[in-house]
Amino acid sequence: VVSFTAFVQDTSSTLGTITSVISSSDTATVTTGAAHGLKTGMYVNVTGSTTNYVNGVYKITVTGTTTFTYSQNTSAANGTAAGTIVIYKAYHIVKDAPIPVSSTLKVISGQKVVLNNDDKVLCYASAGTVDAIASILEDVT
């Protein structure tokens, strides 16, 4: 079974200044320059790091008003991440849906997602290869 999640991310708004991202024992601890306003179980999209396994979409655990953690790939090195790191909130459309291997997940029935100019649709799956096809045909402007 593959777990699949799809997100909408507003790239016009970030969490602001990222003071540090420190990896230890496959867990990243993020410290922000101001209160981040996140809640445990939310997702974030981390970009801009030049350190392996820091970038990606992660489910977070809030540990303080300016700190949170997420689990990284088991190959992540310990230490402080380098680069100009930017973090966006990611709002899920489909959350952790179990899909049997070689089957299809269809999200239909009355779902409407309004995308703005700066929004992106992101998909995450627990398997190495998953085909994701998005079809947005109604009310396109």
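Reading the values: the criteria
Residues numbered from 1 in each chain as written. Predicted model: local features only at pLDDT ≥ 70, side-chain atom pairs only at ≥ 80, totals over all residues. Heavy atoms only, no water. Pairing = 2+ DSSP bridges. Helix = DSSP H or I, 4+ residues; strand = E, 2+ residues; numbered from the N terminus. Buried < 20%, exposed > 50% of the residue type's maximum accessible area, 1.4 Å probe, protein only. Contact = heavy atoms within 4.5 Å. Polar contact = N/O pair within 3.5 Å; in protein donor to acceptor, adjacent residues only side chain to side chain. Core = buried A, V, L, I, M, F, W, Y, C linked by side-chain atoms within 4.5 Å. Phe/Tyr/Trp six-rings, centres within 6.5 Å; stacked < 30°, edge-to-face > 60°.

Asker: With reference to specific residues and values, describe the sheet that holds strand E8 (residues 79-80).
Answerer: Spatially, E6-E7-E3-E2-E8 is the arrangement adopted by the five strands of the open sheet, whose pairing is antiparallel. With one partner strand each, in any of the chains shown, strand E6 (61-64) and E8 form the two edges of the open sheet. Of the pairings in the sheet, the one linking strand E2 (residues 18-24) to E8 comprises two bridges and is antiparallel in character. From the neighbouring strand, serine 23 faces E8, where its bridge partner is glycine 79.

Asker: An account of the pairing of strand E5 (residues 56-59) is needed here, citing residue identities and associated values.
Answerer: Summarising the sheet, strand E4 (residues 43-49) and E5 pair through four bridges and their orientation is antiparallel. Counterpart to tyrosine 43 in the pairing with E5 is lysine 59.

Asker: Let's hear about unusual backbone geometry: which residues, and what values?
Answerer: Despite not being glycine, serine 25 shows a phi value in the positive range, around 55 degrees. Exposure remark for serine 25: the relative accessible area of 59% places this residue in the exposed category. Residue aspartate 26 is not a glycine yet carries a positive backbone phi of 65 degrees. Topologically, aspartate 26 is positioned in the loop between E2 and strand E3 (27-32).

Asker: I'd like a description of the pairing of E2, backed by residues and values.
Answerer: Of the strand pairs in this sheet, E2 and E3 are connected by six bridges, and their pairing is antiparallel. Residue serine 20 lies in a different strand from E3, and its bridge partner there is threonine 31.

Asker: Give a detailed account of the environment of serine 49, specifying residues and quantitative values.
Answerer: Its place among the elements puts serine 49 in strand E4. Given a relative accessible area of 9%, serine 49 falls into the buried group. Between the C-alpha atoms of serine 49 and valine 86, which are 37 residues apart in sequence, the distance is 8.1 Å. Each residue touching serine 49, except ones within four places of it in the same chain, is listed here: Val54, Asn55, Ala81, Ala82 and Ile85. A polar contact of 3.0 Å, which involves the side chain of serine 49, links it to the backbone nitrogen of threonine 51. Within the local environment of serine 49, its side chain forms a polar contact with the backbone oxygen of alanine 82, the two atoms lying 3.1 Å apart.

Asker: So, the nonpolar core: which residues are in play, and what are the values?
Answerer: Ranked by size, the top nonpolar core spans 16 residues in total, and within it Val21, Val46, Phe68, Tyr70 and Ile87 carry the most contacts. At the level of secondary structure, the elements contributing two or more residues to this core comprise E2, E3, E4, strand E7 (67-71) and strand E9 (83-99).

Asker: Break down the packing of aromatic side chains for me, with residues and values.
Answerer: Aromatic ring pairs: the centre-centre distance and the angle between the two ring planes describe each pair. In this structure the tally under the stated criterion is one aromatic pair. Judged by centre distance (4.0 Å) and plane angle (15 degrees), the rings of tyrosine 58 and tyrosine 70 are stacked. Pair noted here: tyrosine 58 is in strand E5 and tyrosine 70 is in strand E7, with a separation of 12 residues, a long-range link. Residue classification places tyrosine 58 among the buried positions, given a relative accessible area of 12%.

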